Amino acid sequence: MTDLIIFLLLLALGYGFGRYAESKHYQSIIQREAEFRDIPAVTSKFPPLTKPPSDVELVTGSVVISVDYFKRFIAGLRNLIGGRVTAYESLLDRARREAILRMKEEARAFDGYIIFNVKLETSSIHKGRKNGIGAVEVMAYGTVLIKQS
Amino acid sequence: MLVTNIEIIPGKRVTKHLGLVQGSSVRAKHLGRDIMAGLKNIFGGELKGYTELLQESREEAMERMIQQAEAVGANAVLNVRFSTSSIAAGAAELFAYGTAVVLE
């Protein structure tokens, strides 16, 4: 009986705090994406040769985000019937966008104007119970071009 | 030392290729952070301690790569890649590699 109560409590806590954290995070992501729109991050490998001689600098951004208890439970249920696991999709989406934003923040600190050859690296670093996904790390890196003064 | 992940830098020419250089670092998280991470696994959200830890070890991996590049007499490392792998429960390996070159 107490086990069930603890389980339901954790589920409720995860649902409440998880939803709140996610909506707050999305708000801040959307706001900062608008702020950094003037530094495009592109995946093409070579900067066009028409670009003026520039200084280059490697910029990185990384984030570790954990999934909440409620979502992990829902994803576990999903495993029984198959299909899209939306709980984890939003987790990865948030992590990727956050990593790109942090990379852009670093690029702004260097006064750069465009980021080339952006690569994203994802790894699950902390296994939860029964080897489920506990937390994912996403790292974004690229080369920023800086106007020579 | 110039470190970048593109292969051609506008306005600069590669005069000599010196081959692959690499650096890696394996880190374990300490118990306090693991307990905090366990709590965060209920509530969800960013694990700031882990973010910092991985950032630090990535910088160390890059530092080792740069040392190797200096040892072979390069002044730049091009086409740098990163890779992360969790080799055991509670430990992660951060790996950085690239091509050491001499730029004019």
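Structure: above.
Residues numbered from 1 in each chain as written. Chains lettered and ligands numbered in written order. Predicted model: local features only at pLDDT ≥ 70, side-chain atom pairs only at ≥ 80, totals over all residues.

Caption draft 1: Seen up close, the interface of chain A and chain B. Each partner contributes residues to the interface: chain A has 40 residues there, and chain B has 31 residues. Those elements that provide at least two residues to the side of chain A that touches chain B are α1 (2-35), β1 (54-66), α2 (69-81), β2 (112-127) and β3 (133-147) of chain A. Residue composition of the side of chain A that touches chain B, by class: 20 nonpolar, 12 polar and 8 charged. (Contact = placed C-beta atoms within 7 Å. Helix = DSSP H or I, 4+ residues; strand = E, 2+ residues; numbered from the N terminus. Nonpolar A, V, L, I, M, F, W, Y, C, P; charged D, E, K, R; others polar.)

Caption draft 2: View of the nonpolar core. Of all hydrophobic cores here, the largest spans 46 residues; its most connected members are A:Ala99, A:Met103 and B:Val77. At the level of secondary structure, the elements contributing two or more residues to this core comprise β1, α3 (86-109), β2 and β3 of chain A together with α2 (48-71), β4 (76-88) and β5 (91-103) of chain B. Every residue in contact with B:Val77, bar those within four places of it in the chain, is listed here: B:Val3, B:Val21, B:Met65, B:Ile66, B:Ala69, B:Gly98, B:Thr99 and B:Ala100. (Core = buried A, V, L, I, M, F, W, Y, C linked by C-beta atoms within 7 Å. Buried ≥ 20, exposed ≤ 12 C-beta atoms within 10 Å, placed from the backbone.)

Caption draft 3: Representation of the environment of B:Thr84. Residue and element names in this part refer to chain B. By secondary structure assignment, the location of Thr-84 is in strand β4. Looking at Thr-84, the number of C-beta atoms within 10 Å reads 21, which means it is buried. Spatially, the C-alpha atom of Thr-84 lies 9.4 Å from that of Leu-54, the residues being 30 residues apart in sequence.

Caption draft 4: A look at unusual backbone geometry. Within the chain, A:Asp111 stands out as a residue other than glycine whose phi angle is a positive 70 degrees. Secondary-structure assignment places A:Asp111 in the loop between α3 and β2. A:Asp111 gets classed as exposed once you count the C-beta atoms within 10 Å, which come to 12. Within the chain, B:Asn79 stands out as a residue other than glycine whose phi angle is a positive 55 degrees. Within the secondary structure, B:Asn79 is located in strand β4.

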